[in-house]
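Residues per chain are reported as follows:
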Amino acid sequence: MLDRTKESYNDIISVINGKDVVDLRFAFWKCAELKTAPNIPYNAENMGYTFYNCSNLVDASNLILSKSLINFDDAFYSCTSLVYPPDISKCIKLKSLDSTFYKCEALKVAPVLPPSISSMTFTFSNCISLEEAPKLPMSVNNLTSTFTQCSSLKYAPAIPPEVKSMRNTFSYCSSLKVAPDFSKAKKLSTMYMTFWDCTSLEEIINLPPNIVYMYDAFAYCGLKSIPDMSMYTKLTSLYYAFEHCESLTEIHSFPPNIEDLRSAFNCCSNLVTIPEIPNKVKNLGSAFAKTAITRVPKMPSSAVNIGSMFSGCSSLIDISGLNIPSGVTSTSYLFNDCTSLADISVLNIPRNVTSLSNMFNGCTAITDISMFSIPDWVTDINGLFQDCTGLIDISNIVIKDGVTSTSYMFRGCTGITDISHITIPKSVVNQSYMFRDCTGITSVTGLVIDSIYLNMFHTFYGCTNLTGTIQINGATFAKADNNSYYNACFEGTTKAITLKGNGSNGNVLTTLKGTANNRNVTIS
């Protein structure tokens, strides 16, 4: 039984019962006090996990490794004090170095790698002192998480031609400034979180010639520019590719056959210039959300998803060039929190769009909607003007029969004073939160709720100045046994409110009155 408390050991015997010792798997597993690696049999073939979690091991440079070595995976896994690794350059039968130096936190200089290696998953992952990555063997094809969280890494080697996987390869390498040369990586088609959160990464020399998908590839990087992408004809997806690259100011070109730009430049807060979007793009959801653009680009006719495309663009003022393609059915959150957007009179909603959900949510600069109307074909206006605090006059708003949801439509619109002209048609089944926290509403007499099914949860909650008569013709709640369909409808109101029914829905009025703390709510 090995004493795992010793700092050193004598030479390991090489022959037992006349047979060579070739298997050293787990031999010094968790020998926490070991500082120097012992001499091992010259012909060892299997050294998987040999020094696993030897947390005080500093020097393994004396190890003479056999050319017959075939397994070195996890050999120094979590040897957090290792500074001097062994020479492995002559181990020509080794095919993988998976997790070999994982979490060797004191390792500053990587060993020269043997030319036979094909797999390097997690090889140097969490080597937080490693400053320069070694030259990669030409035969390597798998670089999954190879250098992830190497926070001191400043140099990345060229990517060899056989590489097919680079998932998380350099993620969290916060000192890396320049991306490696990809010119020979012709078999690499997908990059997934390859440089995620490389906050110092400023420059990309090139991209893999045959790249197809880039998912989160450079998200949260310090990029100041990106290469001309017009030459990457196979690239079809930039899904979250450059999200949160906050130093990026312009894009020179898009790949000509790009189809998916979902969140590609989301939160690139200094991005001002956007080139023409190719006419093959289908997904533009959140593509330019929270950027510094001031005007919308022309949309390609191929687009089907534009939800949140400009959400949070606080500098956006000009949407006159907006053309909504025929394949789009929803504009949900399209201009959400565009706090400088004031003029929406130029907006044209085509017949294919049926949902305007939260389209102008948080657009605090909008004051005039006299030229805006809700088209007959729209069915969902949930949150349409929510938190538009500058909005005062909504007298032109007509909610047509066919609309099914008006929930949150004017929630938080503190400037609105008069809703007496509003009629909520029979088709609406959800009126929850519709006027919640509209503290400026004083005139309600004339409001008609014709909905057959009611969901009036928090509808007038917090409307502290609300007073007058509300005509409610609804026959029943959408779910009569669920108080979330009517609870707190008038919570926070204090002034006189009269509920008027149609003569046969007294139970509905009684229920609504019963959920209010306001003793001034009465039934006519």
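Scroll up to find the structure this text is about.
Everything numeric here is computed off the predicted structure, so don't read it as measured data. (Residues numbered from 1 in each chain as written. Predicted model: local features only at pLDDT ≥ 70, side-chain atom pairs only at ≥ 80, totals over all residues. Heavy atoms only, no water.)

> Give me the pairing of strand β8 (residues 468–472): which residues, what numbers.
Burial analysis of β8 places four of its five residues in the buried class, the great majority of the element. Bridging between strand β6 (residues 448–449) and β8 involves two bridges; their strand directions are parallel. Across the sheet, residue Val-448 finds its bridge partner in β8, namely Gln-471. As paired strands, β8 and strand β10 (residues 497–500) are joined by four bridges and run parallel to one another. Residue pairing for β10: Thr-469 is matched across the bridge by Thr-498. (Buried < 20%, exposed > 50% of the residue type's maximum accessible area, 1.4 Å probe, protein only. Helix = DSSP H or I, 4+ residues; strand = E, 2+ residues; numbered from the N terminus. Pairing = 2+ DSSP bridges.)

> Which residues make up the sheet that holds β6, and what values go with them?
Hydrogen bonds along the backbone pair up the strands of a sheet, which may run parallel or antiparallel. The five strands are arranged β5-β6-β8-β10-β11 in an open sheet whose pairing can be described as parallel. Where the open sheet ends on each side, the last strands, each with one partner, are β5 (423–424) and β11 (521–523). In the packing of helix α1 (residues 506–514) onto the sheet, the strands contacted are β8, β10 and β11, and the crossing angle to β11 comes to about 165°. (Contact = heavy atoms within 4.5 Å. Axes fitted to C-alpha atoms, helices over the stretch in contact; angles between N-to-C directions.)

> Lay out a nonpolar patch on the surface with the relevant residues and their values.
Where nonpolar side chains cluster on the molecular surface, the patch consists of Val-58, Val-83 and Tyr-84 and spans about 230 Å² of accessible area. Along the chain, Val-58 turns up in the loop between β2 (19–20) and β3 (190–192). (Patch = residues over 30% accessible without salt bridge, like charges linked within 9 Å, V, L, I, M, F, W, Y side chains within 5 Å. Areas by Shrake-Rupley, 256 points an atom, 1.4 Å probe, with all protein chains shown as cover. Salt bridge = Lys/Arg side-chain N within 4 Å of Asp/Glu carboxyl O.)

> Account for the side chain of Thr-406, naming residues and giving values.
As for its position among the elements, Thr-406 is in the loop between β4 (213–215) and β5. Thr-406 sits in the buried class, given a relative accessible area of 0%. Those residues in contact with Thr-406 that lie beyond four places of it in its chain are Ile-381, Ile-399, Val-428, Asn-430, Gln-431 and Met-434.

> Now, about a negative patch on the surface: what can you tell me, with residues and values included?
A cluster of like negative charges, contributed by Asp-343, Asp-368, Asp-393 and Asp-418, occupies part of the molecular surface. Its location among the elements puts Asp-418 in the loop between β4 and β5. Look at Asp-418 and you get partly exposed, because its relative accessible area is 34%. (Lys, Arg positive; Asp, Glu negative; His and termini not counted. Charge placed at Lys NZ, Arg CZ, Asp CG, Glu CD.)

> Please set out the packing of aromatic side chains residue by residue, giving values where relevant.
Taken as a whole and judged by the stated rule, the model has 38 aromatic pairs. Where Tyr-77 meets Tyr-102, the ring centres are 4.5 Å apart and the plane angle is 15°; that geometry is what we call stacked. Here Tyr-77 is found in the loop between β2 and β3, whereas its partner Tyr-102 is found in the loop between β2 and β3, with 25 residues between them in sequence. By relative accessible area, which is 21% here, Tyr-77 ends up partly exposed. The class for Tyr-102 is buried, based on a relative accessible area of 19%. Aromatic side chains Phe-410 and Phe-435 sit 5.9 Å apart centroid to centroid with 10° between the ring planes, which places their arrangement in the stacked category. Here the residue Phe-410 occupies a position in the loop between β4 and β5, and Phe-435 occupies one in the loop between β5 and β6, the gap between them amounting to 25 residues. Across this residue pair, the class does not change: Phe-410 and Phe-435 are buried. Between Arg-436 and the ring centre of Tyr-461, over which it is positioned, the NZ or CZ distance is 3.9 Å. (Phe/Tyr/Trp six-rings, centres within 6.5 Å; stacked < 30°, edge-to-face > 60°. Lys NZ or Arg CZ within 6 Å of the ring centre and 35° of its normal.)

> Account for unusual backbone geometry, naming residues and giving values.
Look at Lys-30: it is not a glycine, yet its phi comes out positive at around 60°. Position of Lys-30 relative to the elements: it lies in the loop between β2 and β3. Lys-30 gets classed as partly exposed once you look at its relative accessible area, which sits at 43%. Phi angles above zero are rare outside glycine, and Asp-197 is one such case at about 60°. Relative to the helices and strands, Asp-197 is located in the loop between β3 and β4.

> Give me the lowdown on the pattern of salt bridges, citing residues and values where you can.
Throughout the structure, instances matching the rule amount to eight salt bridges. Here Asp-23 makes a salt bridge to Arg-25, at a shortest N to O gap of 2.7 Å. For Arg-25, a relative accessible area of 43% gives the class partly exposed. Between Arg-262 and Asp-260 there is a salt bridge, with its nearest N and O atoms 2.6 Å apart. For Arg-262, a relative accessible area of 30% translates into the label partly exposed.

> Could you give an account of α1, with specific residues and numbers?
All buried positions along α1 are accounted for by Val-508, Leu-509 and Leu-512. Each buried residue of α1 lies within a common arc of 95° when the element is viewed along its axis, so the set occupies one face. Turned more than 90 degrees from where α1 packs its buried face, Asn-507 and Gly-514 sit exposed. As for α1, its buried residues are in contact with β7 (453–454), β8, β9 (476–477), β10 and β11. (Arc of directions from axis to C-beta.)

> Now, about the environment of His-244: what can you tell me, with residues and values included?
Relative to the assigned elements, His-244 resides in the loop between β4 and β5. Beyond its immediate sequence surroundings of up to four residues, His-244 is in contact with Tyr-220, Cys-221, Asn-266, Cys-267 and Cys-268. Here the side chain of His-244 touches Tyr-220 through a polar contact of 3.5 Å, side chain to side chain. (Polar contact = N/O pair within 3.5 Å; in protein donor to acceptor, adjacent residues only side chain to side chain.)

These values are about where atoms sit, not about what they do.
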